[in-house]
Amino acid sequence: MLVSSDTPALAAHGLFKSYSSGDSRMDILKGIDLTARCGELTLLMGPSGSGKSTLMAVLAGLSRPDRGRVDILGQPTGCLGDDELTAIRLRHCGFIFQSPNLFGALDALDQVRLVLQMTGTPAAEIEARARRALTEVGLADRAHLKPAALSGGEKQRVAIARALVKRPTLLFADEPTSALDRYNGDMVTLILRRIAHLHRAAVLCVTHDSRLIAHADRVVTIEDGRILSDERTGCAPSPDRVSDNAAP
Amino acid sequence: MVSLARQTLVHEWKRFAAAILTLAFSGLLILVQVGLLLGQLDAFTLPVTRARADLWVTAANIRSWDQSTIVPARSEGLFWSHPAIRDVREMAIGYADWKTGNGTRQSVMVVGVPLQPGALAGFQGVPAETLAILSHPDSVVVDAADMDKLGAEVGGTAEIAGKRVTVGGIVHGFRSNLMPLVFASPASLRQIAMDGGTGGPPYFLLKLDPRFDVATVRDQLEAADTADSYAIATPDELTWMSARFWLEESGAGTSFGFSMLLALLVGVGVTGQTLRGAVIASLKEYATLRALGVRVGQLRAIVLEQSLWVALAGNVAMFAIAAALCGVAWFLDIPLVMSLWLCAVTSLFVTAIACVSGLLSLSVLYRSEPADLLR
Ligand SMILES: Nc1ncnc2c1ncn2[C@@H]1O[C@H](COP(=O)(O)OP(=O)(O)OP(=O)(O)O)[C@@H](O)[C@H]1O
Ligand SMILES: [Mg+2]
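Residues numbered from 1 in each chain as written. Chains lettered and ligands numbered in written order. Predicted model: local features only at pLDDT ≥ 70, side-chain atom pairs only at ≥ 80, totals over all residues. Heavy atoms only, no water.

## Concerning the domain arrangement of chain B
Residues and elements named next belong to chain B. Taken domain by domain, chain B comprises domain 1 (4-43 + 251-374) and domain 2 (47-235). Inter-centroid distance (C-alpha atoms) of domain 1 to domain 2 is 47 Å. Taken residue by residue, the interface counts four residues in domain 1 and six residues in domain 2. Taking both sides of the interface into account, the surface hidden between domain 1 and domain 2 amounts to around 430 Å²; carbon and sulfur atoms contribute 31%. The three residues of domain 1 that bury the most area against domain 2 are Asp42, Ala43 and Asp333, which together make up 80% of that side's buried surface. At the boundary of domain 1 and domain 2, one finds one salt bridge. In this structure, Asp42 engages Arg50 in a salt bridge whose closest nitrogen and oxygen atoms are separated by 3.2 Å. Run the count over domain 1 and domain 2 and you get three residue pairs in polar contact (both at pLDDT 80 or more). (Domains from an automatic or database assignment. Contact = heavy atoms within 4.5 Å. Buried area = accessible area lost by both parts, 1.4 Å probe. Salt bridge = Lys/Arg side-chain N within 4 Å of Asp/Glu carboxyl O. Polar contact = N/O pair within 3.5 Å; in protein donor to acceptor, adjacent residues only side chain to side chain.)

## Remarks on the pattern of salt bridges
All chains considered together, the criterion is met by 26 salt bridges over all chains. Among the salt bridges present, the one from Asp27 of chain A reaches Arg25 of chain A, with a minimum N-O distance of 3.2 Å. The exposure class assigned to Asp27 of chain A is partly exposed, which follows from its relative accessible area of 40%. With a shortest N-O distance of 3.1 Å, Arg63 of chain B and Glu248 of chain B are connected by a salt bridge. Separated by 185 residues along the polypeptide, Arg63 of chain B in the loop between strand E1 (55-59) and helix H4 (75-80) and Glu248 of chain B in helix H9 (residues 235-250) bring together distant segments of the chain. Salt bridges linked by common partners bring Asp110, Arg113, Glu127 and Arg131 of chain A together as one network. (Buried < 20%, exposed > 50% of the residue type's maximum accessible area, 1.4 Å probe, protein only. Helix = DSSP H or I, 4+ residues; strand = E, 2+ residues; numbered from the N terminus.)

## Quick notes on the interface of chain A and chain B
In this assembly, 32 residues from chain A lie in contact with 25 residues from chain B. Summed over the three residues of chain A that lose the most area to chain B, namely Phe97, Phe103 and Met118 of chain A, the buried surface amounts to 25% of that side. Summed over the shared surface of chain A and chain B, the number is eight residue pairs in polar contact (both at pLDDT 80 or more). Take the side of chain A that touches chain B: its biggest share by element is six residues, from helix H3 (residues 108-118) of chain A. Grouping the amino acids of the side of chain A that touches chain B by side-chain chemistry returns 15 nonpolar, nine polar and eight charged. (Nonpolar A, V, L, I, M, F, W, Y, C, P; charged D, E, K, R; others polar.)

## Re the site of ligand 1
In the region of ligand 1, 14 residues are neighbours, and Ser48, Lys52, Ser53, Thr54 and His208 of chain A sit closest. Residues lining ligand 1 come from chains A and B. Between an oxygen atom of ligand 1 and a side-chain N or O atom of Thr54 of chain A, the distance comes to 2.5 Å. Glu175 of chain A places a side-chain nitrogen or oxygen 3.2 Å from an oxygen atom of ligand 1. Here ligand 1, which alone exposes 640 Å², has 70% of that area covered by the protein. If you list the elements that add at least two residues to the shell around ligand 1, you get strand E2 (24-36) and helix H1 (52-59) of chain A. Take the shell around ligand 1: its biggest share by element is three residues, from H1 of chain A. Grouping the constituent residues of the shell around ligand 1 by class yields four nonpolar, seven polar and three charged. (Near = heavy atom within 4 Å. Areas by Shrake-Rupley, 256 points an atom, 1.4 Å probe, with all protein chains shown as cover.)

## A short note on the UniProt feature "domain: ABC3 transporter permease C-terminal" (unreviewed entry) in chain B
Using the residue numbers shown here, the UniProt feature "domain: ABC3 transporter permease C-terminal" (unreviewed entry) corresponds to residues 258-370 of chain B. Taken end to end, residues 258-370 of chain B comprises 81% helix and 0% strand; its first and last C-alpha atoms sit 44 Å apart. (UniProt positions renumbered as here; feature names shortened; annotations may be inferred.)

## Considering a nonpolar patch on the surface
A contiguous nonpolar patch, built from Leu36, Val328, Trp330, Phe331, Leu332 and Ile334 of chain B and spanning about 680 Å² of accessible area, is present on the exposed surface. Residue Ile334 of chain B is classed as partly exposed on the basis of its relative accessible area, which comes to 38%. (Patch = residues over 30% accessible without salt bridge, like charges linked within 9 Å, V, L, I, M, F, W, Y side chains within 5 Å.)

## Examining the pairing of strand E6 (residues 157-160) of chain B
Residue and element names in this part refer to chain B. Side chains of E6 alternate between two faces, with Ala158 and Ile160 buried and Thr157 and Glu159 left unburied. Examined bridge by bridge, strand E3 (residues 93-99) and E6 share two bridges and lie antiparallel to one another. Among the inter-strand pairings, Lys99 is bridged to a residue of E6, identified as Glu159. Two elements, E6 and strand E7 (residues 163-171), share four bridges in a ladder whose sense is antiparallel. Counted as the bridge partner of Ile160 is Lys163 from E7. Taking the residues between adjacent antiparallel strands as the criterion, E6 and E7 are bridged by two residues, where Ala161 takes a positive phi near 50°. (Pairing = 2+ DSSP bridges.)

Here you go:
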């Protein structure tokens, strides 16, 4: 990647976003500054309705802010068209949602292969890369099963494999563990952490689950559209010791 | 290679079965209708298509082959004088009442079969032995399928226009939809019809030297007829003209157009709804792909691929059912003609319905907003 090592994976400045329904206007994001570095697992926490998912959509280029700028790997995204944004997501972004959103007709391996196939990966690499991604989430022996035959936790892990198989620099996860039991939740969290540390990805994870804090490098708390606190957790040794506070 | 479209079709076959069957029946509706129509047209123009003529000379200004009255007998010399002509033969038909001892009465068309040996002798599909029967005085031949209607049996007798004839044998595949055909020698027909000196037969059949172009010869012979006393057509032209007339007269054309429209609407309706439903059921999955950088155009390709698979399955189902129906029709002696081009056109029609349905269901794709997955 032609990006200098201290360019943040993601940098947002002065983000504002509001929704209007009828006459009333609701301000959801009220001036958010946030940077995320490669190699870190960052948690976004906060009460329901505080704007976490909205923030994540704006950061990931899935929706546009009313004001403010978002740079992905140093590249401003505000001036890009939809197609260019899609191309940026294709190259750099992975997503994990609350529900796994798997195609009922495809087995686990094909779910992962489909993404590679549709994002222009050379055909010769597809099979091996898909299998490696499944192995990474501990599902090598479930590759031939369709979603109907997979447990909730296994489905979510297939979804993770699908997100990480294109080796994204940025991984966005919106409450990936909220539908899972404790064991599966822990497993998913550990996988996210490994993606951050091993693959040097910037992992941004929205969660309500305070147990995840133990595994995170950094916890950002949002309330009412503003960042309330931004803390590094001592317990998880981050390979990247550079401190980056939210507001410059 | 993962084919989401194909694998979804297999996995959710129950969802798609309705669309596939609807497509198949839309196609069948057309296939069978046109097949029956072609069968009827064929039955209507049997003598035209089965005689061995290269050109038919008829009275001028007819709209259907059976309307020909008189071609002046003196024209025959003119035909012979053309270098392309190999053979010229009169042909006649007559309408008469058929009566048998057991009380059956029926209007029939008596067809005079050219018997003199030569290139124009007999009809295609009538074996030489049967022609030999016709050369016996007062012998006639009828189609096996008309035997009941005529109350006839082989070796039995009947009265045509008061003249006693013997049913000498049967033919197959000559069941007309106008009225039963009775084949007789030209001499017998003359006796039955009793119109000796009206100035000429209703038809002349012409056989050409194969080195000459049929259309050119026809034009030359028509140009030679300054009095406009006859018309000349190839069997195909005469069949087509008669078919058009019959379609207009019987209203079969309108009813066919209507049911074609119906098939189109029902096909697009049900198939479109099914494909739409399939897209809607996978909206979140499509949105996830979009979030990961897949372009909407690629998703469109998936939906269209899906409609092509549905079309393929619909075609297979259609031809399977059509084959079964053909068997039934053959068994019941119903004239059903399945020509290759009819099958090809119907197949295209079915594929087009599926594609239109696929295109219509594309609009739903735009509801797959990846941002909606973040809640
Ligand atoms: N498309 C939209 N139109 C109107 N209002 C919206 C829209 N999307 C979100 N909102 C509103 O924005 C506010 C913040 O929503 P958001 O989904 O970001 O909250 P959240 O922090 O993710 O909450 P939760 O923890 O419950 O998921 C909510 O009050 C929601 O009603
Ligand atoms: Mg949310």
